[in-house]
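Here's the letter readout for the chains.
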Amino acid sequence: METVTAAITNMNIASTISIEPSQDPIVQSKFSAEVASLKELGLSNEREMTRMLFRTNGNVEVVRNLLIARNQFREAKRAAHPIADPKLKRGPKKDHKEKKRDRKQGKCDRKDPAAKAELKDKIKAERKLALEEAITKATVIAASSDPNGVPLSEKNIAKLAKKMAKMEMKQKWKAEKQEMKDRKNEDKQSKKESRKAAKKVFDDADNAAPWSVSAPLYLDGNNMLFVLAPLRGMIVKGKGMRRAEKILIAMSRRFLELAPSLPLILTFDASPLEMEDGNLRVIKARPKYATSDDMLVEMATAEVASDVPSTFVTSDRGLIERLEALGKAIRRPKRFFVELQRLEGADGQPLDEWASAWINSHFQNAE
């Protein structure tokens, strides 16, 4: 030990070099024989060995003692503090499955000490009851299973009962987990069916209602850009938001040509394409409003105050709720494009195919 201490004290650490000793080819070549001898003694960290040989000027005995002492210290530290072991990042788990199960069911608040203590007592009570029932069953089984009529010892009965209780608790938790999963799936399916039914009712009413050619028509531009596959593809594939906006403006202008008495206001969150051309207005929400939804709601509120009828084209659920609360008529964006397709005389053709053909024929130079 004195030799190791003296060697550590006399280490040559004053010399400054521009590269880590263990990565220096010259140093590696110089101490290759010493590293090989240390490997024969069962040591494996070549980088650490090279660094320590460099600092001790090749003293193999000192390096061996230092590495062995370090390994023993690390093992003792891991034994005393299991959480320090990198293989046990979260430390030993106690009642982890029970706590996880109850947290999922909302039975325990992790930040409430009283709730945690109550949960712990409840788990203990459940285990105690299961163990008592298992001991009774195990005693009967042990007495009836022995051909000589000699019952098992109390120790073996306790072991058997403990296993039976553990299996019973596991089956109970598994059943509760499956029940919770089934209930969650049922709720999810119920919500999905209710949304589907509500959408069908809305779509039926939307398809049956005629288009007004006199009331102002407000288009939620950012929402409508994702209805048609050709426009959606331009945005998703990175071909440009502005190109898609120009095509939507061209479609709106064509709609006005076929329904000339219809005032139409097309809104975007932020677009440099603001314009006013006859009955067509293209406006943006920013910087006055955070989104075009807020701007549309304010326009609808002003119309309610002046008793002006209007129609809003959007499929945004939040915006629909806000507009319906003001008594405004809502139309789906798809219905707008279907109406444009009908006015163009292309009924019966798939909507996306018609849109692609329309873009190619009417808007080839959109950039």
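Rules behind the numbers
- Residues numbered from 1 in each chain as written.
- Predicted model: local features only at pLDDT ≥ 70, side-chain atom pairs only at ≥ 80, totals over all residues.
- Heavy atoms only, no water.
- Buried < 20%, exposed > 50% of the residue type's maximum accessible area, 1.4 Å probe, protein only.
- Helix = DSSP H or I, 4+ residues; strand = E, 2+ residues; numbered from the N terminus.
- Pairing = 2+ DSSP bridges.
- Axes fitted to C-alpha atoms, helices over the stretch in contact; angles between N-to-C directions.
- Parallel < 35°, antiparallel > 145°, perpendicular 65-115°, else oblique.
- Left-handed = near helix turned anticlockwise from the far one by under 90°.
- Contact = heavy atoms within 4.5 Å.
- Salt bridge = Lys/Arg side-chain N within 4 Å of Asp/Glu carboxyl O.
- Core = buried A, V, L, I, M, F, W, Y, C linked by side-chain atoms within 4.5 Å.
- Patch = residues over 30% accessible without salt bridge, like charges linked within 9 Å, V, L, I, M, F, W, Y side chains within 5 Å.
- Areas by Shrake-Rupley, 256 points an atom, 1.4 Å probe, with all protein chains shown as cover.
- Lys, Arg positive; Asp, Glu negative; His and termini not counted.
- Charge placed at Lys NZ, Arg CZ, Asp CG, Glu CD.
- Phe/Tyr/Trp six-rings, centres within 6.5 Å; stacked < 30°, edge-to-face > 60°.
- pLDDT = per-residue confidence, 0-100.

Trainee: Go over the pairing of strand β1 (residues 217–220), please, and point to the residues and values.
Mentor: On β1, burial covers both faces: L217 and L219 on one face and Y218 and D220 on the other are all buried. For β1 and strand β2 (residues 264–268), the ladder comprises 4 bridges, and the chain directions are parallel. In the sheet register, D220 faces β2, and the bridge partner there is T267. By the bridge criterion, 3 bridges tie β1 to strand β5 (residues 311–313) in an arrangement that is parallel. The residue of β5 that forms the bridge with L217 is T311.

Trainee: Explain the packing of helix α11 (residues 241–258) against helix α14 (residues 333–343) to me, and be specific about the residues and the numbers.
Mentor: At their nearest, the axes of α11 and α14 sit 10 Å apart, and the two run at 55 degrees to each other. Taken together, α11 and α14 sit at an angle that is classed as oblique. In this structure, the crossing between α11 and α14 has a hand that is left-handed. For the pair formed by α11 and α14, the contact residues are L248, M251, R254, F255 and L258 on the first element and F336, F337, E339, L340 and L343 on the second.

Trainee: Let's hear about the sheet that holds β5: which residues, and what values?
Mentor: The strand order β3-β4-β2-β1-β5-β6 describes an open sheet built from 6 strands, whose pairing is mixed. Two strands in the sheet have a free side with no partner beyond their single neighbour: β3 (275–277) and β6 (329–331). The average angle at which neighbouring strand axes cross in this sheet is 20 degrees, direction not considered. Both β2 and strand β4 (residues 280–284) contribute to a ladder of 5 bridges, which runs parallel. From the neighbouring strand, L264 faces β4, where its bridge partner is L280. Its contacts with the sheet place helix α12 (residues 292–306) against β1, β2, β4 and β5, and it is angled at close to 165 degrees to β1.

Trainee: Report on the pattern of salt bridges, specifying residues and quantitative values.
Mentor: Counted by the stated rule, this structure contains 12 salt bridges. Between R254 and E344 there is a salt bridge; the shortest N-O distance is 2.7 Å. Placement of R254 in helix α11 and of E344 in the loop between α14 and α15 (351–362) is noted, with a sequence separation of 90 residues between them. The class for E344 is partly exposed, based on a relative accessible area of 22%. The shortest N-O distance in the salt bridge between R342 and E339 comes to 2.6 Å. Taken together, the positions of R342 and E339, both in helix α14 and 3 residues apart, correspond to about one turn of that helix. A relative accessible area of 43% places R342 in the partly exposed class.

Trainee: Lay out the nonpolar core in plain terms, naming residues and giving numbers.
Mentor: By size, the foremost hydrophobic cluster in this structure holds 35 residues, and its most contacted members are L219, L264, L266, F336 and F337. Where this core is concerned, the elements lending two or more residues are β1, α10 (229–236), α11, β2, β4, α14 and α15. At 8 residues, α11 tops the list of elements feeding residues into this core. Listed in part, the 15 residues of the second largest apolar core include Y218, A285, L296 and M299.

Trainee: I'd love a proper account of a positive patch on the surface, names of residues and values included.
Mentor: On the surface, K184, K188, K191, K192, R195, K196 and R317 cluster together into a patch of positive charge. Ranked by the residues each element gives to the positive patch, the list is headed by helix α8 (residues 154–208), at 6 residues. Its place among the elements puts R195 in helix α8.

Trainee: An account of the packing of aromatic side chains is needed here, citing residue identities and associated values.
Mentor: By the definition in use, this model includes 3 aromatic pairs. Geometrically, the ring pair formed by Y218 and F312 is stacked, given 4.7 Å between the ring centres and 10 degrees between the ring planes. Of this pair, Y218 sits in strand β1 while F312 sits in strand β5; the two residues are 94 residues apart in sequence, bridging distant segments of the chain. For the pair Y218 and F312, one class covers both residues: buried.

Trainee: Requested: an account of the pairing of β2, with residues and values cited.
Mentor: The element β2 is extensively covered by neighbouring structure, given that 5 of its 5 residues are classed as buried. Burial along β2 is two-sided: L264, L266 and F268 facing one way and I265 and T267 facing the other are all buried.

Trainee: Break down α10 for me, citing the residues and quoting the values.
Mentor: All buried positions along α10 are accounted for by P230, L231, G233, M234 and I235. Buried residues along α10 sit against α11 and α15.

Trainee: If you had to explain the environment of I68 to someone new, which residues and values would you point to?
Mentor: Tracing the sequence through the fold places I68 in helix α5 (residues 60–80). For the pair formed by I68 and G42, sequence separation is 26 residues and the distance between their alpha carbons is 9.9 Å.

Trainee: Summarise the environment of R253; cite the residues concerned and give the values.
Mentor: Mapping R253 onto the fold places it in helix α11. The sequence separation of R253 and L264 amounts to 11 residues, and the corresponding C-alpha distance is 8.8 Å. Sequence-distant contacts of R253, that is, excluding residues within four places in its chain, are made with M275, D277 and L280.

Trainee: Can you break down the confidence of the model for the protein chain residue by residue, with the values?
Mentor: Here the protein chain averages 76 in pLDDT, while 72% of its residues score no lower than 70. Across the protein chain, the secondary-structure element scoring lowest on mean pLDDT is helix α1 (residues 2–9), at 44, and the one scoring highest is β2, at 94. Between residues 1–18, whose pLDDT stays under 50, and residues either more than four places distant or in other chains, the model counts 12 contacts. Contacts for the low-pLDDT stretch residues 81–94, under 50 throughout, to residues beyond four places or in other chains number 9 contacts.

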